[in-house]
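# Commentary on secondary and tertiary structure
Spelled out, the chains give:
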Amino acid sequence: MSYYKNFGLILKNPLWRLYLRWRYQRSIDDFAKLNFLPNFSKKDFSCLLCGVGNEVTAEEFIKFILKRNPDPNIWMIDLGEEQIDAIKRMVNKKFPDLKIKIKQINALGLNSLIKEHSIDWIETDGLFEFFDNSSIRKLLDVWKKLLSNDGFITTTATSSRWKLQEYFDTVKIWAGKVWLGVKVYPHTRTQMHQNFKSAELKFVEGPTPIPYFKRYSLIA
């Protein structure tokens, strides 16, 4: 069973590209609510796409950055070998001259790969689904150590207040196990907020086109 192949059927839909462009911009705009202005134009701007998923997400992330900084330092990591191989092929073909480092690694081990306080932007979409709450808090601590003094994080999480959330969680867990071959974890909105507060991160929450998912913009 291939997670890359099966989930790729969703990620290769043209609507996924539109969603990513919309979500990136809205997440950046949300920082105004924290009286924070991300600085994409700084020299040696460095960013991390944490849990890439596939080459479509990687390409949209690169294009979003290039519109704001012509010479960024880009890190991309994922745990899946198929994902990493596909992204490397795409980057070699479309962005051969950019400074892009692509590594297969568990996100919890990023401190062994990337220098502390060297990343200006950390982005991920739906990564928390693969971690229990204890591991999420560890991941947030890892990210916080990687962030530069004016660094920022954008992400999404299943964070619904719906009374029917437990039924959606059941379907999600089943789909992860049967269709994708991976273990996923349910998280409530309260749990996610507690995780952010535990890491001493300021955050703002916003909606996505899927009511079950929320977007989050965070700073230390």
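Structure first, text after, so check above.
Residues numbered from 1 in each chain as written. Predicted model: local features only at pLDDT ≥ 70, side-chain atom pairs only at ≥ 80, totals over all residues. Heavy atoms only, no water.

A few words now on the overall build of the chain. What the chain contains, in helices and strands, is 7 helices and 7 strands. Scanning the chain from its N terminus toward the C terminus, one meets helices and strands in the order α-α-β-α-β-α-β-β-α-β-α-α-β-β. In the chain, 78% of the contacts between residues at least 6 apart in sequence involve partners at least 24 apart. For the chain, the computed accessible surface area is about 11,200 Å², with 54% contributed by carbon and sulfur atoms. (Helix = DSSP H or I, 4+ residues; strand = E, 2+ residues; numbered from the N terminus. Contact = heavy atoms within 4.5 Å. Areas by Shrake-Rupley, 256 points an atom, 1.4 Å probe, with all protein chains shown as cover.)

It is worth spelling out unusual backbone geometry at this point. A positive phi is found at asparagine 35, a non-glycine position, where the angle reads about 55°. Along the chain, asparagine 35 falls in the loop between helix H2 (14–29) and strand S1 (46–50). Phi is positive for aspartate 44, close to 60°, though the residue is something other than glycine. Position of aspartate 44 relative to the elements: it lies in the loop between H2 and S1.

Within an α-helix, residues lying three or four positions from one another point in the same direction, as the helix has 3.6 residues per turn. With 12 residues, helix H3 (residues 55–66) should cover 16 Å at 1.5 Å per step; its first-to-last C-alpha distance of 16 Å lies within 8% of that length. Taking burial as the measure, the 12 residues of H3 include 10 buried ones, the bulk of the element. Taken together, the buried positions of H3 are occupied by Glu55, Val56, Thr57, Ala58, Glu59, Glu60, Phe61, Ile62, Phe64 and Ile65. Measuring from the backbone nitrogen of valine 56 back to the side-chain oxygen at the start of H3 gives 3.1 Å, which picks out asparagine 54 as the cap. (Expected span 1.5 Å × (residues − 1). Buried < 20%, exposed > 50% of the residue type's maximum accessible area, 1.4 Å probe, protein only. Polar contact = N/O pair within 3.5 Å; in protein donor to acceptor, adjacent residues only side chain to side chain.)

For the structure on display, the rule yields 14 salt bridges. Of the charged contacts, one joins glutamate 59 and arginine 17 as a salt bridge, the two residues approaching to 3.3 Å between their closest N and O atoms. On the criterion of sequence distance, the pair formed by glutamate 59 in helix H3 and arginine 17 in helix H2 is long-range, its members being 42 residues apart. Owing to a relative accessible area of 6%, glutamate 59 belongs among the buried residues under this scheme. (Salt bridge = Lys/Arg side-chain N within 4 Å of Asp/Glu carboxyl O.)

Read from one edge of the open sheet, 7 strands run S3-S2-S1-S4-S5-S7-S6, paired in mixed fashion. Each having just a single partner strand, strand S3 (99–104) and strand S6 (202–207) make up the two edges of the open sheet. Sheet twist, expressed as the mean angle between neighbouring strand axes with direction ignored, is 15°. Here 4 bridges tie strand S4 (residues 119–123) to strand S5 (residues 147–158), and the two strands are oriented parallel to one another. Looking across to S5, one finds that isoleucine 122 is bridged to isoleucine 153. Against the sheet, helix H4 (residues 81–94) touches strand S2 (73–78) and S3, its axis set at about 165° to S3. Where helix H7 (residues 189–198) meets the sheet, it contacts S5, S6 and strand S7 (213–219), and its direction lies at approximately 150° from that of S6. (Pairing = 2+ DSSP bridges. Axes fitted to C-alpha atoms, helices over the stretch in contact; angles between N-to-C directions.)

Ranked by internal contacts, the top residues of the largest apolar core, which has 30 residues, are Phe61, Met76, Trp121 and Phe152. Breaking this core down by element, the ones donating at least two residues are H2, S1, H3, S2, H4 and S3. Broken down by element, this core gets its largest block of residues, 6 residues, from H3. Of all hydrophobic cores here, the second largest spans 28 residues; its members include Ile77, Phe128, Phe131 and Val142. (Core = buried A, V, L, I, M, F, W, Y, C linked by side-chain atoms within 4.5 Å.)

Another aspect to go through is the side chain of histidine 187. Counting through the fold element by element, histidine 187 comes out in the loop between helix H6 (165–180) and H7. With relative accessibility at 1%, the residue histidine 187 sits in the buried group. In this structure the side chain of histidine 187 is engaged in a polar contact, spanning 3.1 Å, whose partner is the backbone oxygen of phenylalanine 128. At 2.8 Å, the side chain of histidine 187 and the backbone oxygen of phenylalanine 131 are in polar contact.

In this section: the pairing of S5. Here S5 lies mainly inside the structure; 10 of its 12 residues are buried. In this region the chain leaves S4, passes through helix H5 (residues 133–146) and returns to the parallel neighbour S5; the handedness of that crossover is right-handed. Both S5 and S7 contribute to a ladder of 6 bridges, which runs antiparallel. Bridge pairing in S7 places threonine 155 opposite tyrosine 216. (Right-handed = clockwise from strand over helix to strand, strands pointing away.)

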